[in-house]
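Architecture and fold: a report
Residues per chain are reported as follows:
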Amino acid sequence: MSKKITAAIGAVLLAALAACGGGGAGAAGGSQGDGKITMGFSQVGAESGWRTANTKSVQDAAKSAGIELQFSDAQQKQENQLKAIRSFIQQKVDVIAFSPVVETGWDAVLLEAKRAGIPVILTDRAIDSDDTSLYATFLGSDFVEEGRKAGKWLVDNTQGAVNVVELQGTTGAAPAIDRKEGFEEVIAARPDIKVVATQSGDFTRAGGKQVMEAFLKSTPDIDVVYAHNDDMGLGAIEAIKAAGKKPGVDIKIITVDAVKDGMQALANGEINFIVECNPLLGDQLMDLAKKVVAGQEVPKRVVTEETTFTPEQAKAALPERQY
Ligand code: GZL
């Protein structure tokens, strides 16, 4: 075949590739045609200190990675996330990342992204889907393990009958489902530890306070509060104080996250134990995004490092705490 025809076919193929835009495995990124990767990011909302820290981490990391970020705050509504993801598909972004507010209801929109050739990264929260081809990878915590750590502290630090009230996170959210599962798995070793009441406070301080006020009225002899995040634990502290009891003493409190306000309450002895959930996912997310857009293989699940804190450890950690 003459050199001229080969060159012409090559040029046509290149033009076709450039015209199809959009991301997709193997694309060099740069859906704007400038080589710069564009990421559509749908965030759950701004419901907690953890979420604020997570948003800042993603935005700062996108800037340092030179990734153009289209950021959308869903105000904790799944329909807003679905709308945002469809808009990212319309815009032909190179990659979509999102923290699914709840585990279910994502297959259809993720199939649309897949058909558009746009890779999806799940960050922070996971989805419950049989079709794991709908996303390139999940980056976040092992929430079941976080629940186990909370349960282990309770088993190791109490004796005899213990009545627990549980402030659950957002109904249907992966951290709420899994933190409950892990906690129950471990306390099963102590049949005298009983969860006597459990209800969602939606991961907010106001929600935690409201539910705790109701528990204090309806449930006699509460020994421990297990709150799925610091913010609901801080709301519970307000309700416990208003009822004339001492948080951390009359009623012990275990929370998850380890954001600054929670760590301060822990250092003050109003919370007794915190299981860390690391919100600083931004840099890892941008690194994964670059690999995925370039069509490189990435692990299906990337679990973040995190620890636990006692009051003494909180006092030592607070001065350097980033969030
Ligand atoms: C956990 C994250 C949870 C936090 C809450 O990774 O999804 O949502 O624990 C936040 O503080 O609202």
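Residue indices begin from 1 for each chain and proceed along its sequence in written order. Reporting in this predicted model follows two pLDDT cut-offs: at least 70 for local features of residues, and 80 or more for side-chain atom pairs to be given and counted; totals over whole chains, interfaces and linings ignore these cut-offs and use all residues. Computation of side-chain values: all heavy atoms of the structure, hydrogens and water removed.

**Looking at helix H9 (residues 260-267)**
- Type-normalised accessible area, obtained with a 1.4 Å probe on protein chains alone, sets the label of each residue: buried when under 20%, exposed when over 50%, and partly exposed for intermediate values. Segments assigned H or I by DSSP are reported as helices when at least four residues long, segments assigned E as strands when at least two residues long, and all are numbered from the N terminus. Of all the residues in H9, the buried ones are Gly262, Met263, Ala265, Leu266 and Ala267.
- Looking at the packing, one finds that the buried side of H9 touches helix H8 (230-242), strand S10 (273-276), strand S12 (308-309) and helix H11 (311-317).
- Trailing H9 by a residue or two, Gly269 shows a phi angle of about 85°, which is positive. Throughout, a residue-residue contact means that at least one pair of heavy atoms, one from each residue, lies within 4.5 Å.

**Observations concerning the side chain of Gln168**
- Along the polypeptide, Gln168 turns up in strand S6 (residues 162-168).
- Leave out the neighbours within four places in its chain, and Gln168 touches Lys180, Thr198, Gln199, Ser200, Gly201, Asp202, His228 and Met232.

**Describing the packing of aromatic side chains**
- Two rings belonging to Phe, Tyr or Trp (six-membered ring only in the last case) form a pair when the distance between their centres is within 6.5 Å. Interplanar angles under 30 degrees mark stacking, angles over 60 mark edge-to-face geometry, and anything in between is tilted. Evaluated as defined, the whole model comprises 4 aromatic pairs.
- Pairing Phe41 with Phe71 gives two aromatic rings, centres 5.7 Å apart and planes at 5°, and the pair type is stacked. Taken together, the positions of Phe41 in strand S1 (residues 38-43) and Phe71 in strand S2 (residues 68-73) put the pair 30 residues apart, joining distant regions of the chain.
- A relative accessible area of 0% places Phe41 in the buried class.
- Geometrically, the ring pair formed by Phe183 and Tyr226 is stacked, given 4.0 Å between the ring centres and 15° between the ring planes. Placement of the pair is Phe183 in helix H6 (residues 174-187) and Tyr226 in strand S8 (residues 224-227), with a sequence separation of 43 residues.
- Of the residues examined, Phe183 reaches a relative accessible area of 0% and is grouped as buried.

**Considerations on empty space enclosed by the protein**
- Detection works on a 1 Å grid of protein atoms alone, calling trapped sets that fit a 1.4 Å probe cavities and calling open sets with protein on both sides within 12 Å along at least five of seven lines pockets, with lining residues defined by an atom within 4 Å of a point. Grid points are joined across faces, edges and corners, and a volume is the space filled by probe spheres set on the points. By the definition in use, this model includes 1 cavity of 30 Å³ or more.
- Approximately 90 Å³ is the volume attributed to the largest cavity.
- Where the lining of the largest cavity is concerned, the elements lending two or more residues are helix H2 (49-65) and H6.
- A breakdown of the residues in the lining of the largest cavity according to their chemical character gives 4 nonpolar, 2 polar and 6 charged. When residues are sorted by character, Ala, Val, Leu, Ile, Met, Phe, Trp, Tyr, Cys and Pro go into the nonpolar class, Asp, Glu, Lys and Arg into the charged class, and all the rest, Gly among them, into the polar class.

**Examining the confidence of the model for the protein chain**
- Each residue carries a pLDDT value, the predictor's own confidence for that position, ranging from 0 to 100. Chain-level pLDDT for the protein chain is 92 on average; 90% of the residues reach the 70-or-more range.
- Model confidence for the protein chain, summarised as mean pLDDT per element, is weakest for helix H1 (residues 3-20) at 48 and strongest for S8 at 99.
- Here residues 12-28 is a poorly scored stretch, pLDDT under 50, and it has 28 contacts once near neighbours within four places are set aside; other chains count.

**Describing the site of the ligand**
- Proximity is defined per residue: any heavy atom of the residue falling within 4 Å of a molecule or strand makes that residue near it. Near the ligand there are 13 residues, and of these Glu47, Asp124, Arg125, Arg179 and Asp257 occur at the shortest range.
- Glu47 places a side-chain nitrogen or oxygen 2.5 Å from an oxygen atom of the ligand.
- The definition of a polar contact used here is a pair of N or O atoms within 3.5 Å, where within protein one atom must be able to donate a hydrogen and the other to accept one, and adjacent residues in sequence count solely through side-chain atom pairs. Taking Ser48, its side chain carries an N or O atom lying 3.0 Å from an oxygen atom of the ligand.
- In isolation the ligand offers 320 Å² of accessible surface; the protein chains occlude 100% of this area.
- A molecule is counted as occupying a cavity or pocket when more than half of its atoms fall within 2 Å of that pocket's grid points. Put simply, the ligand lies in the largest cavity.
- Listed by contribution, the elements that provide at least two residues to the shell around the ligand are H2 and H6.
- Taken together, the residues of the shell around the ligand sort by class into 5 nonpolar, 2 polar and 6 charged.
- Domain ranges listed in this record stem from an automatic or a database domain assignment. Mapping the shell around the ligand onto the domain boundaries places at least three of its residues in each of domain 1 (26-141 + 279-305) and domain 2 (143-277). Surface accessibility follows the Shrake-Rupley procedure with a 1.4 Å probe radius. Residue values consider only the protein chains on display as shielding.

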